[in-house]
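# Fold and geometry: a report
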Amino acid sequence: MADSYFQMQDLAVGYNKKILIHDICIQIQKGEIITLIGPNGSGKSTILKSITRQLKRLGGAVHLDGRDIQNLSYKELSTKMAVVLTERMKPELMTCHDIVATGRYPYTGKLGILTEEDEDKVEEALRSVHALDLGHRDFNRISDGQRQRVLLARAICQEPEIIILDEPTSFLDIRHKLELLSILRKMAKEKEITVIMSLHEIDLAQKVSDKIICVKGETISGFGTPEEIFRGDRIRELYEVDNGFFDPCFGSIELARPTGDPEIFILSACGTGVPVYRKLQKENIPFAAGILYTNDIDYQVAKLLASAVVTEEPFSEISDASFAGAMEWIRKCKRVVCPGVRIGSCNRRMEELIRAAEEMGKLERLK
């Protein structure tokens, strides 16, 4: 592996000379997207402020392209690093264009006069975040989401090698969350701009990040690829979740399953059961599901929401044991719901289960 572009070596961070997190050792390659996740108050913002020199580090070192950032002048650092933090800016009498233009000041003379080339870069930055129409607007009179896009444009306008962002999606609706993250991903992969940010939306962090930093306690509790970090047990431990589940397959959060003995047995396959599972969960009705192959999309949700799941190994014919387990639930439950099952050579015994439920007068077919 090539030498890392950005390094935290035995970094210790905190406030008022009190160390909150220590022994932070992270190596980041150029063009990677690194996301910090963890519960509120865990220290994500403290780390970001420390690596941008907004807080004095309490130990260790931070290196940018082989140089300790402490030894860089503020002007030199501002040509390499752009920062978008959560603090609300309230500049007086400044348009959005004016705000973005401040990103060019590291490159201007002492008078801060923008050249025609600088003005073009301001326009280009606004255009890249789809905010060109905001240029003439008063920065204090636009929405929080629009401000976030303008501040990102300012960061882009700096032409940095690395961008640091603290919860950049907090005030955005879903369309603009996806839009912003797509812009960051494009910048990282096409221009090799390194992105370090914190996110509360762990589903988005899983999908956009190259590496994940888990922040909890006095040390970093985990660092690795999304595949390594986003496991149900690890996320439950990181956030101390006891009232729901994280589904690593879909990157989604699920509320806790209904409690009690199953009242309904769901016969489904290939995604037909998922809407029914969610409907019953909302109504707080416990249910069982089957017979589901463990590579079926229905199984991935049923294992989190159902009180019981009858399973079968992928590409196998339904065994006597699985068949008997499903028949037992058909007898026990008040209703049997079938939202649709496509019958093939392996699961042909599902027809017998459907027929048995119909003969007992319990079957409800959904269209």
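Just so it is clear, the model here is predicted, and its values are computed rather than measured.

Cut-offs applied
Residues numbered from 1 in each chain as written. Predicted model: local features only at pLDDT ≥ 70, side-chain atom pairs only at ≥ 80, totals over all residues. Heavy atoms only, no water. Phe/Tyr/Trp six-rings, centres within 6.5 Å; stacked < 30°, edge-to-face > 60°. Helix = DSSP H or I, 4+ residues; strand = E, 2+ residues; numbered from the N terminus. Buried < 20%, exposed > 50% of the residue type's maximum accessible area, 1.4 Å probe, protein only. Axes fitted to C-alpha atoms, helices over the stretch in contact; angles between N-to-C directions. Parallel < 35°, antiparallel > 145°, perpendicular 65-115°, else oblique. Contact = heavy atoms within 4.5 Å. Nonpolar A, V, L, I, M, F, W, Y, C, P; charged D, E, K, R; others polar. Left-handed = near helix turned anticlockwise from the far one by under 90°.

## Let's talk about the packing of aromatic side chains
In the structure shown here, the tally under the stated rule is 2 aromatic pairs. Seen from their ring centres, phenylalanine 230 and phenylalanine 246 are 5.7 Å apart, and the 45° between their planes marks the pair as tilted. Pair noted here: phenylalanine 230 is in the loop between α8 (226-229) and α9 (232-239) and phenylalanine 246 is in strand β11 (residues 244-247), with a separation of 16 residues, a long-range link. Look at phenylalanine 246 and you get buried, because its relative accessible area is 4%. Between tyrosine 277 and phenylalanine 287 the ring centres are 5.3 Å apart and the planes differ by 15°, which places this aromatic pair in the stacked class. Placement of tyrosine 277 in helix α10 (residues 274-282) and of phenylalanine 287 in strand β14 (residues 287-293) is noted, with a sequence separation of 10 residues between them. Accessibility expressed as a relative area gives 0% for tyrosine 277, which makes it buried. The exposure class assigned to phenylalanine 287 is buried, which follows from its relative accessible area of 0%.

## Details of the packing of helix α5 (residues 144-157) against helix α6 (residues 174-191)
Here α5 crosses α6 at 10°, and the two axes come no closer than 11 Å. As summarised for this structure, α5 and α6 are arranged roughly parallel, according to the angle between their axes. Across the interface between the two elements, Gln148, Arg149, Leu152 and Ile156 of α5 pack against His176, Glu179, Leu180, Ile183, Leu184 and Met187 of α6. Its residues assigned to classes, the contact of α5 with α6 comprises 6 nonpolar, 2 polar and 2 charged.

## Some remarks on the packing of helix α4 (residues 116-128) against α5
In a packed pair of helices, the relevant descriptors are the angle between the two axes and the axis-to-axis distance. Interhelical geometry of α4 versus α5 gives an angle of 135° and a closest axis separation of 8 Å. Between α4 and α5, the angle falls in the class oblique. The interaxial crossing formed by α4 with α5 has right-handed handedness. Residues Lys121, Val122, Ala125, Leu126 and Ser128 of α4 form the contact with α5, whose participating residues are Ala153, Ile156 and Cys157. By residue class, the composition of the contact of α4 with α5 is 6 nonpolar, 1 polar and 1 charged.

These figures capture arrangement, not role.
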